[in-house]
Amino acid sequence: MQINPETCRASTVLAALIYMMTVYQRSHCPRLALSIAAHLDCLSQHPGVDAVIRQVADGMHDEWHLTARNPERMIANLTTPTLN
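Fair warning: this is a prediction, and the values are worked out from it, not measured in the lab.

Below, the discussion takes up the packing of aromatic side chains. With the rule as written, the count across this model stands at one aromatic pair. On the basis of an interplanar angle of 85° and a centroid distance of 5.1 Å, the ring pair of tyrosine 24 and tryptophan 64 is categorised as edge-to-face. Of this pair, tyrosine 24 sits in helix 1 (residues 10-27) while tryptophan 64 sits in helix 3 (residues 51-69), and the two are 40 residues apart along the sequence. Assigned by exposure class, tyrosine 24 and tryptophan 64 land together as buried.

Now the structure itself:
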């Protein structure tokens, strides 16, 4: 899925991204994870987005691509306790 950052409003992409991440928590659908990765890629290249958000989106993009290929990966990360 390709999203053109030149033709999409940043706020629309961000709103869709937040919604999809929320739905992913319930569905763990690999196609949805791939769409999330595409939206993160769009945000990372969007000229109307603050540099910090572009950097965060760029960093998260690879994680969501890996999750799309292996949905169990995200589930394992969510259920594995962390030690502080």
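Next comes the rest of the write-up.
Below, the discussion takes up the state of the cysteines. This structure, assessed with the given rule, holds zero disulfides. The structure places no disulfide on cysteine 8, whose sulfur is separated from the nearest cysteine sulfur, that of cysteine 42, by 5.0 Å.

With that settled, consider the side chain of histidine 46. By the secondary structure assignment, histidine 46 is in the loop between helix 2 (30-45) and helix 3. Polar side-chain contacts of histidine 46 include one of 3.5 Å to the backbone nitrogen of alanine 10. There is a polar contact of 2.9 Å between the side chain of histidine 46 and the backbone nitrogen of glycine 48. Those residues within four positions of histidine 46 in sequence are excluded, and the remaining contacts are Pro5, Cys8, Arg9, Ala10 and Arg54.

For the rest of this paragraph, the subject is a nonpolar patch on the surface. Taken together, the side chains of Val52, Val56 and Met60 present a nonpolar region at the surface, about 240 Å² in accessible area. Its location among the elements puts methionine 60 in helix 3.

For the rest of this paragraph, the subject is the nonpolar core. Grouped together as the largest cluster of nonpolar side chains are 19 residues, with contacts concentrated most on Tyr24, Leu32, Ile36, Leu40, Leu43 and Trp64. Of all the secondary-structure elements, those providing two or more residues to this core are helix 1, helix 2 and helix 3. With eight residues, helix 2 is the single largest residue contributor to this core.

In this section: helix 2. For helix 2, spanning 16 residues, the distance from its first C-alpha to its last is 23 Å, which sits close to the expected 22 Å at 1.5 Å a residue. Along helix 2, the residues classified as buried are Leu32, Ala33, Ser35, Ile36, Ala37, Ala38, His39, Leu40, Cys42, Leu43 and Ser44. Looking at the buried side of helix 2, the elements it contacts are helix 1 and helix 3.

Rules used throughout
- Once a new chain begins, its residue numbering starts again from 1 and follows that chain's sequence as written.
- For this predicted model, a pLDDT threshold of at least 70 governs which residues receive local features, and a threshold of 80 or more governs which side-chain atom pairs are given and counted, while totals over whole chains, interfaces and linings are taken from all residues.
- Only hydrogens and water are set aside; all other atoms, that is, all heavy atoms of the structure, feed into the side-chain values.
- Pairing of aromatic rings covers Phe, Tyr and the six-membered ring of Trp, with a centre-to-centre limit of 6.5 Å; geometry is then stacked below 30 degrees between planes, edge-to-face above 60, and tilted otherwise.
- The way it works is that DSSP assigns letters per residue, a run of H or I at least four long becomes a helix, a run of E at least two long becomes a strand, and they are numbered from the N terminus.
- Exposure categories follow from relative accessible area, calculated using a 1.4 Å probe and restricted to protein chains: below 20% of the type maximum is buried, above 50% is exposed, and the middle band is partly exposed.
- Only a pair of cysteine sulfur atoms within 2.5 Å qualifies as a disulfide here.
- Any pair of N or O atoms that falls within 3.5 Å is considered a polar contact. Within protein, one atom must be able to donate a hydrogen and the other to accept it, and sequence-neighbouring residues count only if both atoms are side-chain atoms.
- Two residues qualify as a contact provided that any one of their heavy atoms is within 4.5 Å of a heavy atom in the partner residue.
- Residues with no salt bridge and a relative accessible area higher than 30% make up the patches, which join like charges within 9 Å and nonpolar side chains (Val, Leu, Ile, Met, Phe, Trp, Tyr) within 5 Å.
- To be clear on the numbers: accessible area is Shrake-Rupley with a 1.4 Å probe, and residue cover counts the displayed protein chains and nothing else.
- Salt bridge, as used here: a side-chain nitrogen of Lys or Arg that lies within 4 Å of a carboxyl oxygen of Asp or Glu.
- Note on terminology: a nonpolar core comprises buried Ala, Val, Leu, Ile, Met, Phe, Trp, Tyr and Cys residues joined through side-chain atoms within 4.5 Å.
- To estimate the expected span of a helix, count its residues, drop one, and scale the result by 1.5 Å.

All quantities given are derived from atomic positions and should not be read as evidence of function.
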